[in-house]
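Inside the fold
Residues per chain are reported as follows:
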Number of protein chains: 2
Amino acid sequence: MRKRLQIGILGLGVVGTGVVEIVNQERKKIKQKTGVDLLITKALVRPGEDKSALAAAQGFQLVYDSKDITEDPDIDVVVEVMGKIHPAYEFITEALEQGKHVVTANKDLLAQKGTQLVQTAIENHVSLYYEASVAGGIPILRVLANSFVADEITEVLGIINGTTNYMLTQMVEQQMTYEDALAQAQALGFAESNPKNDVDGIDAAYKTVILTRFAYGLDIAIDDFVVKGIRGIDLEDIALAQSLGYEVKLIGLTKKVGEGIFAEVAPALVPKHHPLASIRNEFNGVFVRSRGIGQSMYYGPGAGSLPTATSVVTDLAVIAENQSDNKPAPQFCTYETKKAFANPNDVSYGYFIALALADEQSLWPEIQKLAEAYGIVYRVVADEQGSESRRLVLLTEAINEVQKHQFVTSVNQLEASNVSQIMKVMEE
Amino acid sequence: MRKRLQIGILGLGVVGTGVVEIVNQERKKIKQKTGVDLLITKALVRPGEDKSALAAAQGFQLVYDSKDITEDPDIDVVVEVMGKIHPAYEFITEALEQGKHVVTANKDLLAQKGTQLVQTAIENHVSLYYEASVAGGIPILRVLANSFVADEITEVLGIINGTTNYMLTQMVEQQMTYEDALAQAQALGFAESNPKNDVDGIDAAYKTVILTRFAYGLDIAIDDFVVKGIRGIDLEDIALAQSLGYEVKLIGLTKKVGEGIFAEVAPALVPKHHPLASIRNEFNGVFVRSRGIGQSMYYGPGAGSLPTATSVVTDLAVIAENQSDNKPAPQFCTYETKKAFANPNDVSYGYFIALALADEQSLWPEIQKLAEAYGIVYRVVADEQGSESRRLVLLTEAINEVQKHQFVTSVNQLEASNVSQIMKVMEE
Ligand SMILES: NC(=O)c1ccc[n+]([C@@H]2O[C@H](COP(=O)([O-])OP(=O)(O)OC[C@H]3O[C@@H](n4cnc5c(N)ncnc54)[C@H](OP(=O)(O)O)[C@@H]3O)[C@@H](O)[C@H]2O)c1
Ligand SMILES: NC(=O)c1ccc[n+]([C@@H]2O[C@H](COP(=O)([O-])OP(=O)(O)OC[C@H]3O[C@@H](n4cnc5c(N)ncnc54)[C@H](OP(=O)(O)O)[C@@H]3O)[C@@H](O)[C@H]2O)c1
């Protein structure tokens, strides 16, 4: 039984310094529970970075070459909190191959190279944990791995990007424009200076990939599904949705349909009484529909130095606990099923469809005929006749992906009409 | 490594039959994950009960004497889902002493005899799990035990009684009276025919005791704290709270103040934007404030056959997993601290205080003086002059338990005035 776990950290940024703080604060409690002392011995920084005060105060050594950590025989666990794919992938792989457990918060990496990294961990009999990679401080991955063994998840809906949820909340509550909301999110440090990954849904898509693995034991790639962000959402759509009793939220969705999976990231209408509707600002929430429990939701901060670092250190404590048990290193998610995609004919949702029609009275009857042809039942919830154009919004009953696609394609093919917005409507 | 876990069930009621169904449904998946096959071999029923069809279909034996289960050397785990304190306490104790793991959903028992039962489990090197005992389908106890090791919980606020939350929701949304809401909860099967435990806050208090153990490692008794239910709440108070931006919810509260704990069950005002405010009808939610994560909330069904049974079977799967690891039986909650209560001077909240004054104009100035004497800062949010009496409602700034107590006592001592309602106001 090892009584001490020596830790090397790769990267001392927002999360890395939080990890140092939390280990320092919670070390005694963790030792009480696990019998193991967590000890940070080294941290990798850039040559220019001055972290010497922190290192001196906490008694660890600063290093400038990753090998000083990944090849150090005394280090038991490597914490990767540098971000990006390269060289994080290489550093983690090396650490695993050197028989070290790894904890990371890197969702980009886990979504894109997760399969390989998990394989490397298994081959080297070490653990790879990454609770912080989805929904920062919410212990969602551990809950999915541990508390749904006796259940069958059918649908996961996540508000898993704090930046866009903050923006949408501000747009609704403060009548702010998209641009102002983005500027404010940046000023508050939620959004990166290059906000593309957030506003285009890519960050949410990475997390949806990871959630799919934990919910269904299935590895999908980000290219396997449609990813839409919140660019192009306008206040008019949001206001209309509100008046109909919905909030507009960027949702990462992963659903089991038959033996296959349907995933998507896109703005969607969430009924005001749905638990996800009340998640405001930078908070995250993951809603799970399952056969046994029914509906459950897990809510908390999606990011931030301390919440994210707390998840990282919880992973360290779990490793410590396993260490002291002297049993083989467990894997984070052991559930595995064959990759299969849902039949689009079987995936059905209601839709909010906004149509922009040039000012020709003949267009709407034609569109009505298209809807009928594709078996789409709807009601018109807005019909605004402008001087140059007409805006119509339909709320449809549940239709499948094929019907939806055919209808949108046909409308867009008509001259002078197009679907300006289409959003799924979630069930209460 | 045992490849099979033989299970005996005590009681085949709502939860017990759910356990049979879930084990049957999820057995394959659990075997895949844990390597262990769950097998129900016996169930204790009453002599009169006819469960022979279920027993035959599922291939287990019905027994009428608990010893046929607790003393059966082939049985590894006993599931207690009979309810009540006696004879459940004796049956569980016997099972533990016979070296059997125990899973139970019995909050009454855990709150009142938890300390002894945990001790018996430890002495006999077996596990005692009871995830289902708090908030039915929500995996809250496992989350507190596993995902807050690297964190420090400062406050837990729970909507943990579905019956009363259903009633309060209906009273607000349907303008229903207390009596009608209760009758409807009973008709829907949420409330027992004797609803005392629900409406008087006792059920919530049992769960608050268990939450306190998991949040702070501390055993308190139900007599250690104030327990108030929703009897006597009137629609007028709820409507006023609503107009001020609050929902009225029955809250089980357990807070760390200094080195001590403050616990209470009582109706409280929850700001509309607080995550607990959106928990409607029979659903439960547990909100956790902590140093690292900050705010998190866990939402789901608080009761029901399948949700509750799913939690029971998750406990069984955890036992199966430990079994296959061949390691010593772990305990559900290992966190332990010395029992200590918070200094009432240090426990502070804002309050909603409704005063009923007989129609004497001199009373209000006297009450104002009392407030000033106790250092209570408030604003008057309602002042209704009836023909016979005057109703005043104050919203105070944060005051401590001592100030509150002194003020309420003094007001009630004045002739012809009394505090008709006092509720804590939760922070956003
Ligand atoms: N921040 C959050 O709230 C949050 C939440 C969930 C997950 N995460 C994930 O956590 C990881 C870290 O995020 P963060 O917010 O802490 O980022 P950050 O503040 O940019 O910190 C990363 C640190 O690592 C350093 N670094 C990068 N490559 C390095 C190298 N090759 N050698 C030495 N140092 C290197 C960076 O230095 P330079 O700045 O000089 O490159 C920076 O100091 C990311 O994967 C992120 O996605 C973050
Ligand atoms: N129902 C829920 O949603 C829920 C949620 C969370 C926790 N729980 C807890 O789960 C436990 C079971 O609840 P439940 O709703 O399933 O209750 P239930 O429907 O009343 O089931 C209990 C069953 O056990 C039987 N029983 C009681 N004592 C017995 C004895 N000495 N010998 C044989 N059979 C006996 C009862 O028979 P009789 O009816 O003849 O007494 C009844 O069939 C309770 O501790 C409850 O607090 C329930």
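Analysis parameters
Residues numbered from 1 in each chain as written. Chains lettered and ligands numbered in written order. Predicted model: local features only at pLDDT ≥ 70, side-chain atom pairs only at ≥ 80, totals over all residues. Heavy atoms only, no water. Buried < 20%, exposed > 50% of the residue type's maximum accessible area, 1.4 Å probe, protein only. Helix = DSSP H or I, 4+ residues; strand = E, 2+ residues; numbered from the N terminus. Arc of directions from axis to C-beta. Pairing = 2+ DSSP bridges. Right-handed = clockwise from strand over helix to strand, strands pointing away. Near = heavy atom within 4 Å. Polar contact = N/O pair within 3.5 Å; in protein donor to acceptor, adjacent residues only side chain to side chain. Domains from an automatic or database assignment. Contact = heavy atoms within 4.5 Å. Buried area = accessible area lost by both parts, 1.4 Å probe. Salt bridge = Lys/Arg side-chain N within 4 Å of Asp/Glu carboxyl O. Nonpolar A, V, L, I, M, F, W, Y, C, P; charged D, E, K, R; others polar. Axes fitted to C-alpha atoms, helices over the stretch in contact; angles between N-to-C directions. Core = buried A, V, L, I, M, F, W, Y, C linked by side-chain atoms within 4.5 Å. 1 Å grid on protein atoms, 1.4 Å probe; cavity = no way out; pocket = protein on both sides within 12 Å on 5 of 7 lines; lining within 4 Å. Points joined across faces, edges and corners; volume = space filled by probe spheres on them. UniProt positions renumbered as here; feature names shortened; annotations may be inferred.

**Brief notes about helix α11 (residues 235-243) of chain B**
All names here are of chain B. When α11 is considered as a whole, its buried residues turn out to be Asp237, Ile238, Leu240 and Ala241. All buried residues of α11 lie within an arc of 165 degrees about the axis, which places them on one face of the element. Phi turns positive, to about 95 degrees, at Gly245, one or two residues after α11.

**Some details on the pairing of strand β5 (residues 101-104) of chain A**
All names here are of chain A. Here β5 shows two buried faces, one formed by His101 and Val103 and the other by Val102 and Thr104. As judged from the four bridges shared by strand β4 (residues 77-80) and β5, these two strands associate in the parallel manner. Considered in β5, the bridge of Val79 is made with Val103. Once you follow β4 into helix α4 (residues 88-97) and on to β5, the crossover reads as right-handed. As judged from the two bridges shared by β5 and strand β6 (residues 128-129), these two strands associate in the parallel manner.

**Brief notes about the site of ligand 1**
Residue and element names in this part refer to chain A. Close contacts around ligand 1 come from 19 residues, with Val14, Val15, Arg46, Ala303 and Gly304 the closest. At 2.8 Å from an oxygen atom of ligand 1 is found a side-chain nitrogen or oxygen belonging to Arg46. Contact between ligand 1 and Glu49: an oxygen atom at 3.4 Å from a side-chain N or O atom of the residue.

**Some words on the domain arrangement of chain A**
Residue and element names in this part refer to chain A. When the domains of chain A are assigned, the result is domain 1 (4-136 + 305-324), domain 2 (151-299) and domain 3 (344-425). Using C-alpha coordinates to define each centre, domain 2 is positioned 23 Å away from domain 3. Taken together, the contacts link 19 residues of domain 2 with 19 residues of domain 3. Approximately 1600 Å² of surface area, both sides summed, lies buried where domain 2 meets domain 3, with 61% of it carried by carbon and sulfur atoms. Summed over the three residues of domain 2 that lose the most area to domain 3, namely Asp237, Leu240 and Leu269, the buried surface amounts to 32% of that side. The tally of links from domain 2 across to domain 3 stands at three salt bridges.

**A word on the interface of chain A and chain B**
The interface is formed by 48 residues belonging to chain A together with 48 residues belonging to chain B. Carbon and sulfur atoms supply 54% of the area that chain A and chain B bury against each other, a total of about 4300 Å² over both sides. One can count four salt bridges joining chain A with chain B. The closest approach of N and O atoms between Glu428 of chain B and Arg280 of chain A, which form a salt bridge, is 4.0 Å. In this assembly, chain A and chain B are joined by 13 residue pairs in polar contact (both at pLDDT 80 or more). Sort the elements by how many residues they give to the side of chain A that touches chain B and helix α1 (residues 14-34) of chain A lands first, with eight residues. Looking at the side of chain A that touches chain B residue by residue, the classes come out as 20 nonpolar, 14 polar and 14 charged. The sheet contact formed by strand β12 (residues 294-301) of chain A and strand β12 (residues 294-301) of chain B spans three bridges and is antiparallel.

**As for the sheet that holds strand β5 (residues 101-104) of chain B**
Residues and elements named next belong to chain B. Strand order in this open sheet of six strands is β3-β2-β1-β4-β5-β6, and the pairing throughout is parallel. The open sheet is flanked by β3 (61-63) and β6 (128-129), the only strands paired with a single partner. Packed on one face of the sheet, helix α1 (residues 14-34) meets β1 (4-10) and β2 (37-44) and runs near 165 degrees to β2. Across the sheet, helix α4 (residues 88-97) is in contact with β1, β2, β4 (77-80) and β5; its angle to β5 comes to roughly 150 degrees.

**Describing the pattern of salt bridges**
Residue and element names in this part refer to chain A. Tallied over the full model, the rule gives 42 salt bridges over all chains. Across the pair Asp383 and Arg390 runs a salt bridge whose closest N-O atoms are separated by 3.0 Å. Residues joined in a network through salt bridges with shared partners are Glu236, Asp237, Glu384 and Arg391.

**Side note on the nonpolar core**
Formed by 244 residues in total, the largest nonpolar core has its most connected members in Ile9 and Ile140 of chain A together with Ile9 and Ile140 of chain B. Residue contacts for Ile140 of chain B: discarding those within four places in its chain leaves Glu131, Val134, Ala135, Leu211, Val286 and Tyr298 of chain B. By size, the runner-up hydrophobic cluster in this structure holds 76 residues, among which are Ile279, Ala342 and Val408 of chain A together with Leu253 of chain B.

**Section: the layout of surface pockets**
Residue and element names in this part refer to chain B. Counted as a void, the largest pocket has a volume near 1700 Å³. Lining the largest pocket we find 48 residues, and of these Val15, Met82, Gly83, Lys107 and Glu192 sit closest to its centre. Among the secondary structure elements, those contributing two or more residues to the lining of the largest pocket are α1, α5 (107-123), α7 (162-173), α9 (196-199), α10 (202-216) and α12 (305-325). Considering only residue class, the lining of the largest pocket consists of 19 nonpolar, 18 polar and eleven charged. Counting only domains with at least three residues in the lining of the largest pocket, you end up with domain 1 (4-136 + 305-324) and domain 2 (151-299).

**Let's talk about the sheet that holds β4 of chain A**
All names here are of chain A. Reading across the sheet, the six strands line up as β3-β2-β1-β4-β5-β6 and stay open at both edges, with parallel pairing between neighbours. On the outer flanks of this sheet lie β3 (61-63) and β6, each paired with one strand and no other. Of the pairings in the sheet, the one linking strand β2 (residues 37-44) to β3 comprises three bridges and is parallel in character. Within β3, the residue paired with Lys42 across the bridge is Gln61. The strands touched by α1 within the sheet are β1 (4-10) and β2, with β2 carrying the most contacts at an inclination of about 165 degrees.

**Points about the UniProt feature "binding site: NADP(+)" (unreviewed entry) in chain A**
Residues and elements named next belong to chain A. The sites that carry the UniProt feature "binding site: NADP(+)" (unreviewed entry) are, in the present numbering, Leu10, Gly11, Leu12, Gly13, Val14, Val15, Gly16 and Thr17. As for its position among the elements, Val15 is in helix α1. Structurally, Thr17 can be placed in helix α1. When near neighbours in sequence (up to four residues on either side) are disregarded, Thr17 contacts Leu12, Lys51 and Leu54.

**Section: the UniProt feature "binding site: L-homoserine" (unreviewed entry) in chain A**
All names here are of chain A. UniProt's feature table lists "binding site: L-homoserine" (unreviewed entry) at Glu192, given in the numbering used throughout. Here Glu192 shows up in the loop between α8 (178-187) and α9 (196-199). Other than its neighbours up to four places away in sequence, Glu192 contacts Gln186 and Asp198.

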